[in-house]
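# Per-entry structural report
The chain contents come next:
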Amino acid sequence: MRQLFPVTDMTASTASDQGWSPASDREWSLDALADAYAYPEGGGTWLRANMVSSLDGAGQHDGRSQPLSSETDMRIFGILRGLADVVVVGAETVRLEGYRPARAREAFADRRAAAGQGPAPVIAVVSASLDLDFSLPLFTEPLVPTVVLTGSGAPADRIRAAREAGAEVLFAGDGARVMPARAVAVLAERGLRRQLTEGGPRLLGQFVGADVLDELCLTISPTMTAGDAQRIAGGPTVAVPTRFRVASVLEQDGFLFTRYRRI
Ligand SMILES: NC(=O)c1ccc[n+]([C@@H]2O[C@H](COP(=O)([O-])OP(=O)(O)OC[C@H]3O[C@@H](n4cnc5c(N)ncnc54)[C@H](OP(=O)(O)O)[C@@H]3O)[C@@H](O)[C@H]2O)c1
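Nothing here was measured: the structure is a model prediction, and the numbers come from that model.

Thresholds, definitions, all that
Residues numbered from 1 in each chain as written. Predicted model: local features only at pLDDT ≥ 70, side-chain atom pairs only at ≥ 80, totals over all residues. Helix = DSSP H or I, 4+ residues; strand = E, 2+ residues; numbered from the N terminus. Rg over C-alpha atoms; globule rule 2.2 N^0.38 Å. Buried ≥ 20, exposed ≤ 12 C-beta atoms within 10 Å, placed from the backbone. UniProt positions renumbered as here; feature names shortened; annotations may be inferred. Near = placed C-beta within 6 Å. Nonpolar A, V, L, I, M, F, W, Y, C, P; charged D, E, K, R; others polar. Pairing = 2+ DSSP bridges. Contact = placed C-beta atoms within 7 Å. Core = buried A, V, L, I, M, F, W, Y, C linked by C-beta atoms within 7 Å.

## A short note on the overall build of the protein
For the protein, the helix and strand inventory stands at 9 helices and 11 strands. Relative to the 2.2 N^0.38 estimate, which gives 18 Å for 263 residues, the radius of gyration of the protein is 19 Å and therefore close to what a compact globule would have. Its C-alpha atoms give the protein principal-axis dimensions of roughly 70 × 45 × 30 Å. Per-residue burial for the protein yields a buried fraction of 37% across its 263 residues.

## Observations regarding the UniProt feature "domain: Bacterial bifunctional deaminase-reductase C-terminal" (unreviewed entry) in the protein
UniProt's entry tags residues 46-249 with the feature "domain: Bacterial bifunctional deaminase-reductase C-terminal" (unreviewed entry), counted in the numbering of this structure. Taken end to end, residues 46-249 is 30% helix and 22% strand, and its two terminal C-alpha atoms sit 20 Å from one another.

## Description of the site of the ligand
Among the 30 residues in the neighbourhood of the ligand, the closest are listed as Gly 90, Glu 92, Thr 93, Gly 199 and Gly 200. When residues of the shell around the ligand are assigned to their parent elements, the largest contribution, 5 residues, is made by helix 4 (residues 91-97). Of the residues in the shell around the ligand, the class split is 10 nonpolar, 13 polar and 7 charged.

## What about the pairing of strand 3 (residues 46-54)?
Burial analysis of strand 3 places 8 of its 9 residues in the buried class, the great majority of the element. Across 7 bridges, the pairing between strand 3 and strand 9 (residues 215-221) is parallel. Paired with Met 51 across the two strands is Leu 218, which belongs to strand 9.

## Thoughts on helix 9 (residues 201-209)
Counting buried positions along helix 9 yields 7 of 9 residues, so the element is predominantly enclosed. Of the residues making up helix 9, those classed as buried are Pro 201, Leu 203, Leu 204, Gly 205, Gln 206, Phe 207 and Val 208. Looking at the buried side of helix 9, the elements it contacts are strand 3, strand 4 (86-90), strand 5 (122-126), helix 8 (180-189) and strand 8 (194-197).

## What about the nonpolar core?
Ranked by internal contacts, the top residues of the largest apolar core, which has 57 residues, are Val 87, Ile 123, Ala 124, Val 125, Val 126 and Leu 149. At 5 residues, strand 5 tops the list of elements feeding residues into this core. Once residues within four sequence positions are removed from consideration, Val 87 is found in contact with Arg 81, Ala 102, Pro 121, Ile 123, Ala 124, Leu 196 and Glu 198.

## Overview of the pairing of strand 7 (residues 168-171)
For strand 6 (residues 147-150) and strand 7, the ladder comprises 4 bridges, and the chain directions are parallel. Within the sheet, the bridge partner assigned to Leu 149 lies in strand 7 and is Leu 170.

## Description of the environment of Gln 252
Mapped onto the secondary structure, Gln 252 falls in strand 10 (residues 244-252). Distance in space between the C-alpha atoms of Gln 252 and Asp 131 is 39 Å, their sequence separation being 121 residues. Those residues in contact with Gln 252 that sit more than four places away from it in its chain are Met 1 and Thr 72.

Pasting the structure below:
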């Protein structure tokens with residue numbers, strides 16, 4: 001996989017002598033990728049998103065993100081999960097993509113133990129209706145209990161059903177809905193500060209709108225879909241576009257694995 005930015009393995013003078021900007025091409029071990037994508041040190045709360053988009057901005061095709069993805073994209077997806085305390089995901093993505101519990105990966109065991117993390121990230125499903133199938137393995141068979149993140153006004157019978165299935169219910173809103181900034185704070189108070197959201201677009205748009213998204217890991221898929229698919233973030237337009245700076249760009253098979261941090 002080629003590292004396009006930052007360029008690290010050739011001095012500036014060598015590069016300019018050759019009149020081109022070099023990109024280092026090498027195999028990336030799981031550890032090297034995990035180091036590259038490590039959460040910032042310092043112990044603060046950090047919300048990162050991982051999304052894939054087609055060249056023409058589609059965030060899904062036929063209702064799923066898989067047609068836009070690649071083997072390396074799924075590898076990075078797994079690395080980001082392996083580093084996270086919690087994966088925050090909208091209920092519609094859970095329903096459409098058939099979310100399963102996160103698994104414990106041997107390759108991450110030492111790293112996670114050293115970071116004081118459990119064997120696998122907690123999956124936190126954001127929902128107002130709690131119209132979720134609580135008989136699914138996501139709720140009945142996780143390694144660590146799945147969290148349902150909702151508002152205190154959510155339907156009481158569904159809250160009960162979630163708890164009976166083994167889920168932990170956390171409240172981050174006064175009505176049925178979750179307030180995005182409060183969700184980040186509630187998860188952090190629960191000890192889940194290395195946060196990863198996998199969308200979907202309606203949820204991500206709210207994190208952007210609340211200005212709590214610290215980092216975007218965006219895979220640019222070398223595909224075009226046309227049509228009217230959702231973009232990676234939806235909902236109301238923000239008053240002023242949020243600015244990000246590029247932190248790294250990797251390339252494999254025409255896919256760009258970009259990482260941007262909020263300025
Ligand atoms: N390109 C990518 O990387 C990517 C990533 C993920 C998903 N996707 C695609 O995106 C599509 C699904 O995304 P989506 O945007 O339609 O839905 P979504 O964001 O995954 O989920 C929306 C649902 O989440 C719950 N929700 C969202 N905000 C909430 C809030 N503030 N309070 C309480 N509940 C809240 C609601 O659930 P309830 O209805 O239960 O109340 C809402 O219906 C799928 O096609 C999927 O394949 C793409």
